Amino acid sequence: MSRFSSGKTLTRPDELIAAGWAAPAQAKELAEVAARYSVAIPAGVAALIERPDDPIGRQFLPDAAELRTLPQERADPIGDDVHQVAPGLIHRYPDRALLKLTGVCPVYCRFCFRRARVGANNPAGPQGVLDEAALDEAFAYLAAHREIWELIVTGGDPLAVSERRLADLSRRLRAVDHIKILRFHSRVPALTPERITPGLIAALKASGKTLYVALHANHPRELTPEARVACGKLIDAGVAMVSQTVLLRGVNDDVETLSALMRAFVEARIKPYYLHHGDLAPGTSHLRLPLDVGQNLVRGLLGRLSGLCQPIYVVDIPGGHGKAPAGPAYVAREGAGWLIEDWRGGRHVYGDDAGSARKKP
Ligand SMILES: *Cc1c(COP(=O)(O)O)cnc(C)c1O
Ligand code: SF4
């Protein structure tokens, strides 16, 4: 951690050039990128970057390629706006709603699907969290919709807000009986593990709800010893943890890296949950992969790794239509029965009872 032990968060292109991660000649382009999409690299994350194009550098260092926006890319790639029911509250599926508590993250990912809304682009301003009036509106909706069983708290990064605000959220939620599950999506336990304090855990627990934290991590190097300790603290306090990973070119697009990442999660008592196909966020095409590349990587995990290590590969359909499983298919109709593929690629005929009972249309 020598070079970055000062604890300073790097945000400006000249700081990145001084760190040796970009050439002085790139200053102008990088300034353009940083003006469009926020940059923040805390000291602990900076210490993980060995080379600018390594799997950590590619996730967090701005790149001139971000200035190129493809026609299919959009500011709201997964259609949050279509289902917004109160400020920061998205209700897309019947049994769960999603609250964007803040537009701030301790570290800004270059592939972020909400990059047109977070950091300096946050509609509530660069430091913006939902204010009292907005939270009142969101909670009025939550209280009136008894079908909402789970609240997903996201952002930005919800575990980056103050303990006082988290405790306030918990206090409000305590009063909403029909919400049983509270799920936080965060990078904090891995990338700024010093934030996982007894005070933060107490603030979360004050909700009295069943708590889940979905840890966002994309490369095994993010699961440092400090990160594992922080996750252990959450889990020992009764918080269940799952993972989410974004499939990224040059970061985790090989079977060895994905295997090591999924095993690292399971070793840390974190159940792999989603492997996301890269969303069509503006200026991210250099980090996205074709869907069939993702499917082949998932094939590489199946059978070779414990079932505990298998994430679900999902793609979020643009326009707000939700997530769809995008993994490879192993079962196909074959006459009156089925053809099933095994993990080595062998094919097997399977005749089920329902098949023979099927009526011809
Ligand atoms: C991803 C997402 C959810 C959560 O979906 P799960 O499949 O339950 O993880 C909920 N609401 C919105 C708007 C989402 O984008
Ligand atoms: S932590 Fe999440 S919201 Fe924040 S920049 Fe990364 S992907 Fe976007």
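Residues numbered from 1 in each chain as written. Chains lettered and ligands numbered in written order. Predicted model: local features only at pLDDT ≥ 70, side-chain atom pairs only at ≥ 80, totals over all residues. Heavy atoms only, no water.

(A) Representation of the environment of Thr245 in the model. Inspection of the secondary structure assignment puts Thr245 in strand S7 (residues 240-246). Assessed through its relative accessible area of 0%, Thr245 is described here as buried. As a C-alpha pair, Thr245 and Glu226 span 19 residues in sequence and 19 Å in three-dimensional space. Ignoring any residue separated from it by four or fewer positions in sequence, one finds Thr245 in contact with Ala217, Asn218, Asn252, Leu261, Met262, Phe265, Tyr274, Leu275 and His276. Reaching out from Thr245, the side chain makes a polar contact with the backbone oxygen of Ala217 at a distance of 2.7 Å. (Helix = DSSP H or I, 4+ residues; strand = E, 2+ residues; numbered from the N terminus. Buried < 20%, exposed > 50% of the residue type's maximum accessible area, 1.4 Å probe, protein only. Contact = heavy atoms within 4.5 Å. Polar contact = N/O pair within 3.5 Å; in protein donor to acceptor, adjacent residues only side chain to side chain.)

(B) Main features of the site of ligand 1. Around ligand 1, the neighbouring residues are Ile78, Ile90, Arg92, Tyr93, Arg96, Leu98, Ile152, Arg183, Tyr273, Tyr274 and Lys323. Contact distances for ligand 1 include 2.7 Å between an oxygen atom and a side-chain N or O atom of Tyr273. Considered on its own, ligand 1 offers 380 Å² of accessible surface; in the complex 92% of this is hidden by protein. Element by element, the count of residues in the shell around ligand 1 is highest for strand S2 (residues 89-93), at three residues. Across the shell around ligand 1, the residue classes tally to seven nonpolar, no polar and four charged. (Near = heavy atom within 4 Å. Areas by Shrake-Rupley, 256 points an atom, 1.4 Å probe, with all protein chains shown as cover. Nonpolar A, V, L, I, M, F, W, Y, C, P; charged D, E, K, R; others polar.)

(C) Representation of the sheet that holds strand S12 (residues 337-341) within the structure. Strand order in this open sheet of three strands is S11-S12-S13, and the pairing throughout is antiparallel. A strand with exactly one partner marks an edge of an open sheet, and here the two such strands are strand S11 (331-334) and strand S13 (347-350). Within this sheet the neighbouring strands show an average axis-to-axis angle of 30°, counted without direction. As defined by bridge partners, S11 adjoins S12 across four bridges and the pair is classed as antiparallel. (Pairing = 2+ DSSP bridges. Axes fitted to C-alpha atoms, helices over the stretch in contact; angles between N-to-C directions.)

(D) Fine view of helix H8 (residues 198-205). All of the buried residues along H8 are Leu200, Ile201, Ala203 and Leu204. Seen from one end, H8 has its buried residues packed into an arc of 160°, which puts them on one side. Considering only its buried residues, H8 is in contact with helix H6 (163-174), strand S5 (181-186), strand S6 (210-216) and helix H9 (225-236). (Arc of directions from axis to C-beta.)

(E) Representation of the packing of aromatic side chains in the model. Using the criterion set out here, one finds one aromatic pair in the structure. Cation over ring: Arg299 sits above Tyr330, and NZ or CZ is 4.8 Å from the ring centre. A cation over an aromatic ring shows up here: Arg333 above the ring of Trp338, its NZ or CZ 3.9 Å from the ring centre. (Phe/Tyr/Trp six-rings, centres within 6.5 Å; stacked < 30°, edge-to-face > 60°. Lys NZ or Arg CZ within 6 Å of the ring centre and 35° of its normal.)

(F) Representation of unusual backbone geometry in the model. Cis rather than trans, the peptide bond between Gly155 and Gly156 has omega equal to 10°. Tracing the chain through its elements places Gly156 in the loop between strand S4 (150-154) and H6. In this structure, Arg269 takes a positive phi of about 70° despite not being glycine. Topologically, Arg269 is positioned in the loop between helix H10 (255-267) and strand S8 (271-276).

(G) Expanded view of the packing of H10 against helix H11 (residues 291-301). Across the interface, H10 lies against H11 with an axial gap of 10 Å and an inter-helix angle of 60°. The angle between H10 and H11 places the two elements in the oblique class. Here H10 and H11 pass one another in a crossing that is right-handed. Here Val255, Leu258 and Ser259 of H10 come into contact with H11, specifically with Leu297, Gly300 and Leu301. For the contact of H10 with H11, the per-class residue count stands at four nonpolar, two polar and no charged. (Parallel < 35°, antiparallel > 145°, perpendicular 65-115°, else oblique. Left-handed = near helix turned anticlockwise from the far one by under 90°.)

(H) Broad picture of the site of ligand 2. Near ligand 2, the surroundings consist of Cys105, Val107, Tyr108, Cys109, Cys112, Gly156, Arg187 and His216. The residue makeup of the shell around ligand 2, split by class, is five nonpolar, two polar and one charged.

(I) Highlighting the nonpolar core. Membership of the largest hydrophobic core comes to 62 residues, with the highest contact counts inside it found for Leu89, Leu99, Leu151, Leu166 and Phe184. Ranked by residue count, the leading element in this core is helix H5 (residues 132-144), at six residues. What Leu151 contacts, discounting residues up to four positions off in sequence, is Leu89, Ala97, Leu98, Leu99, Leu142, Leu173, Ile179, Ile181, Leu182 and Arg183. Of all hydrophobic cores here, the second largest spans 26 residues; its members include Ala19, Ile49, Cys109 and Cys112. (Core = buried A, V, L, I, M, F, W, Y, C linked by side-chain atoms within 4.5 Å.)

(J) Up close: the pattern of salt bridges. Considering all chains together, one arrives at 25 salt bridges under this definition. Across the salt bridge formed by Glu66 and Arg115, the nearest N and O atoms sit 2.6 Å from each other. Here Glu66 is found in the loop between helix H4 (57-60) and strand S1 (84-86), whereas its partner Arg115 is found in the loop between strand S3 (96-100) and H5, with 49 residues between them in sequence. The pair formed by Glu66 and Arg115 is uniform in burial state, with each residue classed as buried. Taken together, the salt bridges that share partners define one network made up of Glu132, Asp136, Asp168, Arg171 and Arg172. (Salt bridge = Lys/Arg side-chain N within 4 Å of Asp/Glu carboxyl O.)

(K) Representation of the environment of Phe265. Tracing the backbone shows Phe265 in helix H10. If we skip the residues at most four places from it in the chain, Phe265 touches Leu215, Ala217, Leu223, Ser243, Thr245, Ile270 and Pro272.

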